[in-house]
Amino acid sequence: MEIAYSDGGLRIKGKQVTLATQLGKSKTPTDAVILLGKNHATEFFSNDAGVVFQGAGEYEIKGTKVTGFKAGESAMYTIRLEGLSLFVGYVSGAVAMKDKLHEHDIAILLADDVLPESIMGILNARVVIFAGEKTAENAKAFEKEGATINKYAITKDKLPAETEFVFLG
């Protein structure tokens, strides 16, 4: 699986399915779009977005299970893809809905705030990926300052033994 960040949006690409967030307009088609924020510009839907998942509910696309939870005015999602459990959401949403969080293999966080250590313990992710506006602040907070990358590839058998931090930018 490959997780990329460009043009203000995330793309999660597996062997059978490609998912994107609503941030930015993608030039390549996706199978599904997961809407995280509250502002959904209509021009976004004019491209080849595929199925659109918005808000709370249980969804499935090409064998990939997606569960949405309401987080204040935005949404967060748990995705089961290629044997891995992924959390996708805003840092602020994760903080607001900490009672609904559980362990995931990978946490993909759109950094609209700095993630508290307490949320790290709840997610207990082996890979924590930050992307977005406050990525540098999160790197500093977790004492992992370094270069940002555009994409990250991982498979279930390559999960690190200890928590790994990735900063997409």
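About the criteria used
- Residues numbered from 1 in each chain as written.
- Predicted model: local features only at pLDDT ≥ 70, side-chain atom pairs only at ≥ 80, totals over all residues.
- Heavy atoms only, no water.
- Helix = DSSP H or I, 4+ residues; strand = E, 2+ residues; numbered from the N terminus.
- Contact = heavy atoms within 4.5 Å.
- Pairing = 2+ DSSP bridges.
- Axes fitted to C-alpha atoms, helices over the stretch in contact; angles between N-to-C directions.
- Buried < 20%, exposed > 50% of the residue type's maximum accessible area, 1.4 Å probe, protein only.
- Core = buried A, V, L, I, M, F, W, Y, C linked by side-chain atoms within 4.5 Å.

Draft legend 1. Molecular detail of the environment of Asn124. Residue placement: Asn124 occurs in the loop between α2 (117-123) and β11 (127-131). Expressed as a C-alpha distance, the spacing of Asn124 and Thr163, which sit 39 residues apart in the sequence, is 8.2 Å. When residues no more than four places from it in sequence are discounted, the contact partners of Asn124 are Glu103 and His104.

Draft legend 2. Summary view of the sheet that holds strand β8 (residues 74-81). Read from one edge of the open sheet, seven strands run β6-β7-β8-β9-β10-β11-β13, paired in mixed fashion. Only two strands of the sheet have a single partner each, and these edge strands are β6 (57-61) and β13 (164-168). Geometrically, the sheet is characterised by an average inter-axis angle of 20 degrees between neighbouring strands, direction not taken into account. Relative to strand β7 (residues 64-71), β6 runs antiparallel, the two being bridged by five bridges. Counted as the bridge partner of Glu60 is Lys65 from β7.

Draft legend 3. Representation of the pairing of strand β4 (residues 32-35) in the model. Where burial is concerned, the two faces of β4 agree: the one with Ala32 and Ile34 and the one with Val33 and Leu35 are both buried. Pairing of strand β3 (residues 18-21) with β4 involves three bridges; the strand directions are parallel. If you follow Thr21 over to β4, its bridge partner there is Ile34.

Draft legend 4. Representation of the pairing of β3. Of the two faces of β3, the one carrying Thr18 and Ala20 and the one carrying Leu19 and Thr21 are both buried. One ladder, built from three bridges, connects strand β2 (residues 9-13) with β3; its direction is antiparallel. Bridging across to β3, Arg11 finds its partner in Ala20. Linking two consecutive strands that pair antiparallel, namely β2 and β3, is a turn of four residues.

Draft legend 5. A look at the nonpolar core. Ranked by internal contacts, the top residues of the largest apolar core, which has 33 residues, are Ile12, Ile79, Leu86, Ile106, Ile108, Ile129 and Leu168. Counting 21 residues, the second largest nonpolar core, distinct from the first, contains Met97, Ala111, Ile119 and Ala125.

Draft legend 6. Fine view of the sheet that holds β4. Taken in spatial order, the six strands line up as β5-β4-β3-β2-β1-β12 in an open sheet, and their pairing is mixed. Sheet topology places β5 (51-54) and β12 (151-153) at the edges, where each strand pairs with a single neighbour. Adjacent strand axes in the sheet meet at a mean angle of 15 degrees, parallel and antiparallel pairs treated alike. In the sheet, strand β1 (residues 2-6) pairs with β12 via three bridges, with the strands oriented antiparallel. Bridged to Ala4 within β12 is Lys151.

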